[in-house]
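# Coordinates in review
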Amino acid sequence: QKEVEQNSGPLSVPEGAIASLNCTYSDRGSQSFFWYRQYSGKSPELIMFIYSNGDKEDGRFTAQLNKASQYVSLLIRDSQPSDSATYLCAPKSSGDKLTFGTGTRLAVRP
Amino acid sequence: GAVVSQHPSWVICKSGTSVKIECRSLDFQATTMFWYRQFPKQSLMLMATSNEGSKATYEQGVEKDKFLINHASLTLSTLTVTSAHPEDSSFYICSVRRPGQLYEQYFGPGTRLTVT
């Protein structure tokens, strides 16, 4: 079992729709969870973090965390073509390292 | 604005030569920086953790004598790829960890290395 699992996609949604990106992790000791966006050919950019069970909203982004199920998700409302990128889920493991999933590629159709 | 800078942004070198990549923390003092490598269509792979004033901690399978890391100050870490070979061609990205409880990491823009 991989440490961090994400559907590689591509996840294709029409402009204005909600994009739902999911991530499961194996390390029960993970306390903080980060979502990064990576455009093709660029480095990752931090967009959200969450450390408590439940939802956390920031603009069009909502992160959801369920530690019992070892599941974290990212919702993007009113998706825009500029949101087309690869989204990386990264739990913080013991030792302060981030473990990255392979990412989900999101394509927003105009 | 940018939190982390990297230099150079791209470099082409001949097989057998060495290449140095610099990573600078612009907004805060970083006792810990990380070096990652990313091959096309693959995820980020942590190579090593760079600690200011001490030796870097390398991940399993990463040759410490080939990838030399120096974290000489609280704002600068360097990665030197020694005796580079074509298989070392990759996208090298550093990150800095913001001090605090959450330990979020901010990435530099990356350095694309091509070894011919």
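As a reminder, the structure under discussion sits directly above these lines.
Residues numbered from 1 in each chain as written. Chains lettered and ligands numbered in written order. Predicted model: local features only at pLDDT ≥ 70, side-chain atom pairs only at ≥ 80, totals over all residues. Heavy atoms only, no water.

## Observations concerning the environment of B:S18
Residues and elements named next belong to chain B. Within the secondary structure layout, S18 lies in the loop between β2 (10–13) and β3 (19–25). Along the sequence, S18 and F67 sit 49 residues apart, while their C-alpha atoms lie 9.8 Å from each other. Excluding anything up to four places from it in sequence, S18 contacts T80, V81, T82 and S83. (Helix = DSSP H or I, 4+ residues; strand = E, 2+ residues; numbered from the N terminus. Contact = heavy atoms within 4.5 Å.)

## What about the nonpolar core?
Generally speaking, soluble globular proteins have nonpolar side chains that are buried together. Counting residues in each nonpolar core, the largest one holds 25 residues, and the members touching the most others are B:W35, B:F67, B:L79, B:Y92, B:V96 and B:L113. Secondary-structure elements contributing two or more residues to this core are β2, β3, β4 (32–38), β5 (45–51), β7 (67–73), β8 (76–81), β9 (90–97) and β11 (111–115) of chain B. Among all residues touching B:Y92, those that are not within four sequence positions of it are B:Q6, B:I21, B:Y36, B:R37, B:M47, B:F67, B:L79, B:G110, B:T111 and B:L113. Counting residues in hydrophobic clusters, the runner-up holds 22 residues, among them A:L21, A:W35, A:M48 and A:A63. (Core = buried A, V, L, I, M, F, W, Y, C linked by side-chain atoms within 4.5 Å. Buried < 20%, exposed > 50% of the residue type's maximum accessible area, 1.4 Å probe, protein only.)

## Remarks on the interface of chain B and chain A
Facing 20 residues of chain B, the contacting portion of chain A comprises 19 residues. In total, about 1500 Å² of surface goes out of reach between chain B and chain A, with carbon and sulfur atoms giving 60% of it. Counting the surface chain B buries against chain A, the share from its top three residues, B:S43, B:L102 and B:F107, is 33%. Two residues, A:K97 and B:E59, come together in a salt bridge whose shortest N-O distance is 2.7 Å. Where chain B meets chain A, there are five residue pairs in polar contact (both at pLDDT 80 or more). Those elements that provide at least two residues to the side of chain B that touches chain A are β4, β9 and β10 (105–107) of chain B. (Buried area = accessible area lost by both parts, 1.4 Å probe. Salt bridge = Lys/Arg side-chain N within 4 Å of Asp/Glu carboxyl O. Polar contact = N/O pair within 3.5 Å; in protein donor to acceptor, adjacent residues only side chain to side chain.)

Limitation: the analysis is restricted to geometry and does not speak to function.
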